[in-house]
Amino acid sequence: MKKPINHNNKRSYTISSLKKKNYKLVKQIENESKGMHSDEMVALMKFEKNLRQCASISLYAQQGRIINHIASHTCKHKACFVCNFLRQKKIRRKYLNWFIKNPVFYRVQLASDKTKLVTRFQHEHYYTDKPVVATVPYDIMHLTLTVPHTLDGGYRGQTFYQQELRKAFNLMRKTDAWLELVYGGEFGIEITKNDNGLHIHIHSLILVKRVTRNRNKVHRMILLEWNKYTVDPSYKRKPFTKEDIEKIKKGNSLLTDADIKKLSLKGSTMINLKTICGSDDIQKSDEEGRKKIMIGVLEAISYHFEPQTFDKKSGGFNIPLLIELMPKLYKLRIYDRIGILYRESSLSMTNNAFVEDLEEIKQLNIDGLNNGLLQSDFFITNPALLYHDRENDNRIILSNAAIDRRIDLSAGTTNQALGEMSEYAKAMHKDKFDYN
Ligand SMILES: [Zn+2]
């Protein structure tokens, strides 16, 4: 029997490691940006400040020798390592809960002779009085979309072409061909760098109509449409070779030579589409099966929040790339819901809470902590100063520095402690963080 993992300790270990990573990046920025003066540096300096302050104020609860991490005051920056980890956890939790509650959609009868497909939430909130004429299961797929780009020209004259990419995706989603097969989903934009400059692409989780061979039907439809909407007139490419054609046709027996002839050499000629599971598989499977499915689903989502672009294989970070991208990140929306999920407010990622993980705290299974049976001592310290006993279930150990810097709170309950932490954060950081 494997020992159950202490998730709270594991999470605490990750937050401490990522906070240290934030500091490492701060140090490298300081070393490499000496003497630099430019507008771009303004955004970088702001980022540096966020990296320093993010999670420096973290709340812990101690019961005897046991210490639990409760929450951290975070900066919300798109490229912050701590925030990306917490954001990813949050979005995963939201989707997991959502899929469990939504094995089917509902087709409701509107006043006219029209019907409309809605989610359970939408039915309960906006269409309560409309009769349900059918329940509709769907399939979940992971779609990856790229555009042709070159080192000199980028894509359509832009080296940072996320807006152009987004526009092409928007246009494709308005076509009848798309609407016929895809109900909706979510997508994120990921940026990496390769030999052809910035590689900006879309990862999308799509909820698809359940028809026979739907993976191939949807793949063919998207390939043909995406090719049309991604044409860059300045893109030069040699005519398809036999091998090119084989490569395009590989994995989809529905693609014909006539389809290939329709493809423009100036548009994208490759897409990636993978079936993850059926919406009702999640309910049907045992715990192990459900876990497997969720890993597939969450893999598609997790891509959006990894600022690994800045990690160099050799260790350290790619500072010139950071300087280049930082001012652009402000404009970048990293997560969007589409189609039937557009109005699904339970999947919204907007943050009103001062503390990122309030919801998660409620789900934490800390013995006695939530029901007030055990007296906890709450304190604030910097997670970078903690040790985790890797041999002993990541048990949290305070270093001398952590003890020195420890601020003991007077709170008696978790809620009070969170309130006190917010007060400290406001007093210590004075100016508010940017919420991106
Ligand atoms: Zn942060």
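On a predicted model such as this, the values are computed, not experimentally measured, just so you know.

A.B. asks: Help me understand the packing of helix α5 (residues 162-173) against helix α7 (residues 214-229) in this model?
C.D. replies: In a packed pair of helices, the relevant descriptors are the angle between the two axes and the axis-to-axis distance. Running from N to C, α5 and α7 cross one another at 130 degrees; their axes reach a closest spacing of 9 Å. Taken together, the axis directions place α5 and α7 in an arrangement best described as oblique. In terms of crossing hand, the pair formed by α5 and α7 is right-handed. Along its contact with α5, which presents L165, A168, F169, L171 and M172, the element α7 presents I222, E225, W226 and Y229. In terms of residue class, the contact of α5 with α7 is made up of eight nonpolar, no polar and one charged.

A.B. asks: Is there a simple way to explain the pattern of salt bridges in this structure?
C.D. replies: Here the idea is simple: oppositely charged side chains can pair when their charged atoms come close. Counting across every chain of the model gives 16 salt bridges. Residue D281 pairs with K284 through a salt bridge whose shortest N-O separation is 3.8 Å. Here the residue D281 and the residue K284 both occupy positions in helix α10 (residues 281-284), the gap between them amounting to three residues, near one helical turn. Given a relative accessible area of 27%, D281 falls into the partly exposed group. In this structure, R406 and D408 form a salt bridge, with 2.8 Å as the shortest nitrogen-oxygen distance.

A.B. asks: Sorry if this is basic, but what is going on with the sheet that holds strand β11 (residues 377-381) here?
C.D. replies: Pairing between sheet strands relies on hydrogen bonds along the backbone, with the strands arranged either parallel or antiparallel. Ordered in space as β2-β1-β11-β14, the four strands form an open sheet in which the pairing is antiparallel. The open sheet has two free edges, formed respectively by β2 (66-72) and β14 (407-408), since each of these has just one partner strand. The pairing of strand β1 (residues 58-63) with β2 spans six bridges and is antiparallel. Paired with Y60 across the strands is H69, a residue of β2. Strands in contact with helix α1 (residues 7-32) are β1 and β2; relative to β2, the strand with the most contacts, it is inclined by about 60 degrees. Against the sheet, helix α15 (residues 414-429) contacts β1, β2, β11 and β14, and its axis sits at roughly 55 degrees relative to β2.

A.B. asks: It is not clear to me how the packing of aromatic side chains should be interpreted in this structure. Could you clarify?
C.D. replies: Here the distance between the centres and the angle between the planes together describe a pair of aromatic rings. In total, this model carries 12 aromatic pairs according to the counting rule given. Seen from their ring centres, F169 and W178 are 5.9 Å apart, and the 85 degrees between their planes marks the pair as edge-to-face. Both residues of the pair, F169 and W178, belong to the buried class. Three or more aromatic residues link up through ring pairs in this structure, and these residues are Y95, W98, F99, F105, Y138 and Y183. The ring centre of F169 lies 4.7 Å from the NZ or CZ of R173, which sits over that ring. Lying across the ring of Y126, R343 places its NZ or CZ 4.1 Å from the centre.

The rules behind the values
Residues numbered from 1 in each chain as written. Predicted model: local features only at pLDDT ≥ 70, side-chain atom pairs only at ≥ 80, totals over all residues. Heavy atoms only, no water. Axes fitted to C-alpha atoms, helices over the stretch in contact; angles between N-to-C directions. Helix = DSSP H or I, 4+ residues; strand = E, 2+ residues; numbered from the N terminus. Parallel < 35°, antiparallel > 145°, perpendicular 65-115°, else oblique. Left-handed = near helix turned anticlockwise from the far one by under 90°. Contact = heavy atoms within 4.5 Å. Nonpolar A, V, L, I, M, F, W, Y, C, P; charged D, E, K, R; others polar. Salt bridge = Lys/Arg side-chain N within 4 Å of Asp/Glu carboxyl O. Buried < 20%, exposed > 50% of the residue type's maximum accessible area, 1.4 Å probe, protein only. Pairing = 2+ DSSP bridges. Phe/Tyr/Trp six-rings, centres within 6.5 Å; stacked < 30°, edge-to-face > 60°. Lys NZ or Arg CZ within 6 Å of the ring centre and 35° of its normal.

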